[in-house]
Amino acid sequence: MALLKVKFNQKKRVKLAQGLWLMNWFSVFAGILVFSMGLFLKIELRKRSEVMDNSESHFVPNSLILMGILSCAFNGFAGKICYDSLDPTKFAKWKPLLKPYLALCCVFNMLLFFVALICFLMRGSLESTLAQGLKNGMKFYRDTDTPGRCFMKKTIDMLQIEFKCCGNNGYKDWFEIQWISNRYLDFSSKEVKDRIKSNVDGRYLVDGVPFSCCNPSSPRPCIQYQVTNNSAHYSYDYQTEELNLWRRGCREALLNYYSSMMSSMGAVILLVWLFEMSVMVGLRLLHTSLESIANPEDPECESEGWVLENSLKDTFKSALENLKKLGKFNQVEAGAEGAEGEEGGKTPAITTVS
């Protein structure tokens, strides 16, 4: 029994073709939207590529751009088929291409669904990318005189100001690295010498943070140096008092920003996928209804359209049987080739009589 069998007359076939033509052009605009989202995400990721460890995060925007281009191409082609299906003479040239085209549509929709899932599941990979990238960026914060790294201070400062964050996981991350350049240190000072000697790696470490960590909304002047020294500031206890520094780490801030963006994009792509599936089902119904016309010379006669010629269960069984037959055929061919090789390898014994 065919799946989703529908009876059509000429009027219904014409309405279906016209509706599908309109839906395909809506799908073209949806493809442009997917392409635009991919382009926007790629630009946003490139803006902060200095604080990302690798390029794995660009898999999602590249996939969106590709899916957008394919969607425009597939749906533009389908729109042309639907338009020509109104004229039997024009539709005749598309008949041999419809089955391969529908198979490609199935593959495209599976890929589109996969890309939508990737948008929701990319958080883990993005988190590790940001964690390592921010760690390296903070290490290079002081290298304002080093070619290739001189921009890192501005990048980190602008990042912390824009996203209202501090450090990788929090403001204490700045305590573990030397973020002040040596050119601004007075090495004749006893304090500087003591701090450098007290560190195994010979780094100048302080319990301070860059100015970009300060919260401008705080009523108290920014305490960015000697953050953990209660006696250095009046009426201050760093363990209990609400610091006037951003509490949130930049990894968390960026992760939430990109995750929410990709989740929204994933939801939009799922809607596009549902729309594409409905267009594909409609195109299959149009294809079968036109093929099953009993008398092609009488376009007004009734016909039947279906999505699958057999039930879903029977179609699945048939597909499995075809795969098994294909596997057995390959085994037989391999066995025959092996037998020919063995026969070719044998050399006849020659007896000489003296």
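Residue positions are given per chain, counting from 1 as you read along its sequence in written order. Totals for whole chains, interfaces and linings use every residue, but because this is a predicted model, local features are given only for residues with pLDDT of at least 70 and side-chain atom pairs only at 80 or more, for both listing and counting. The basis for every side-chain value is the complete set of heavy atoms in the structure, and neither hydrogens nor water enter the calculation.

**Examining empty space enclosed by the protein**
Think of a ball as big as a water molecule: rolled over the atoms, this probe shows where empty space is left.
Then, in step 1: Grid points spaced at 1 Å and placed over the protein atoms alone form the basis of the search, with a cavity being a set where a 1.4 Å probe fits but cannot get out and a pocket an open set showing protein on both sides within 12 Å along at least five of seven lines. Lining residues have an atom within 4 Å of a point. Grid points are joined across faces, edges and corners, and a volume is the space filled by probe spheres set on the points. Within the structure shown, the criterion is met by one cavity of 30 Å³ or more.
Then, in step 2: As a volume, the largest cavity reaches approximately 80 Å³.
Then, in step 3: The wall of the largest cavity is formed by Asn24, Phe74, Asn75, Ala78, Tyr101, Cys105, Phe108, Asn109, Glu276, Val279, Met280 and Leu283.
Then, in step 4: Within the residue set of the lining of the largest cavity, elements represented by two or more residues are α2 (59-84), α4 (95-121) and α8 (250-291).
Then, in step 5: Classes in brief: Ala, Val, Leu, Ile, Met, Phe, Trp, Tyr, Cys and Pro nonpolar; Asp, Glu, Lys and Arg charged; the others, Gly included, polar. Split by residue class, the lining of the largest cavity holds eight nonpolar, three polar and one charged. Put simply, DSSP H or I for four residues or longer makes a helix, DSSP E for two residues or longer makes a strand, and each gets a number counted from the N terminus.

**Regarding the packing of aromatic side chains**
Then, in step 1: Geometry of aromatic contacts follows a simple scheme: Phe, Tyr and Trp rings, the Trp one being its six-membered ring, pair when their centres are within 6.5 Å, and the pair is stacked under 30 degrees between planes, edge-to-face over 60, tilted otherwise. Within the structure shown, the criterion is met by eleven aromatic pairs.
Then, in step 2: Ring plane angle 45° and centroid distance 4.8 Å describe the contact between Phe113 and Trp273, whose orientation is recorded as tilted. Linking Phe113 in helix α4 with Trp273 in helix α8, this pair joins segments that are 160 residues apart in sequence.
Then, in step 3: Any residue under 20% of the maximum accessible area for its type is buried, any over 50% is exposed, and the rest in between are partly exposed; the area is computed with a 1.4 Å probe on protein chains only. For Phe113, a relative accessible area of 31% corresponds to the partly exposed category.
Then, in step 4: Relative to Phe175, the ring of Tyr171 lies with its centre 5.9 Å away and its plane at 75°, an arrangement referred to as edge-to-face.
Then, in step 5: What makes Tyr171 buried here is its relative accessible area of 9%.
Then, in step 6: Classification of Phe175 as buried rests on a relative accessible area of 17%.
Then, in step 7: Counting every residue linked through ring pairs, the aromatic cluster contains Phe74, Phe77, Tyr101 and Phe108.
Then, in step 8: Geometrically, a lysine NZ or arginine CZ counts as sitting over a ring once it is within 6 Å of the ring centre and also within 35 degrees of the ring normal. The residue whose ring lies beneath Arg149 is Phe140, and the NZ or CZ to ring-centre distance is 4.0 Å.

**Focus on the UniProt feature "transmembrane region" (unreviewed entry) in the chain**
Then, in step 1: UniProt positions are given in the numbering used here, feature names are shortened, and annotations may be inferred rather than shown by experiment. As recorded in UniProt, the sites labelled "transmembrane region" (unreviewed entry) are residues 20-41, 101-122 and 255-275.
Then, in step 2: For residues 20-41, the end-to-end C-alpha separation is 31 Å, with 100% helix and 0% strand making up the annotated structure.
Then, in step 3: Within the segment residues 101-122, helix and strand shares are 95% and 0% respectively, and the terminal C-alpha atoms sit 31 Å apart.

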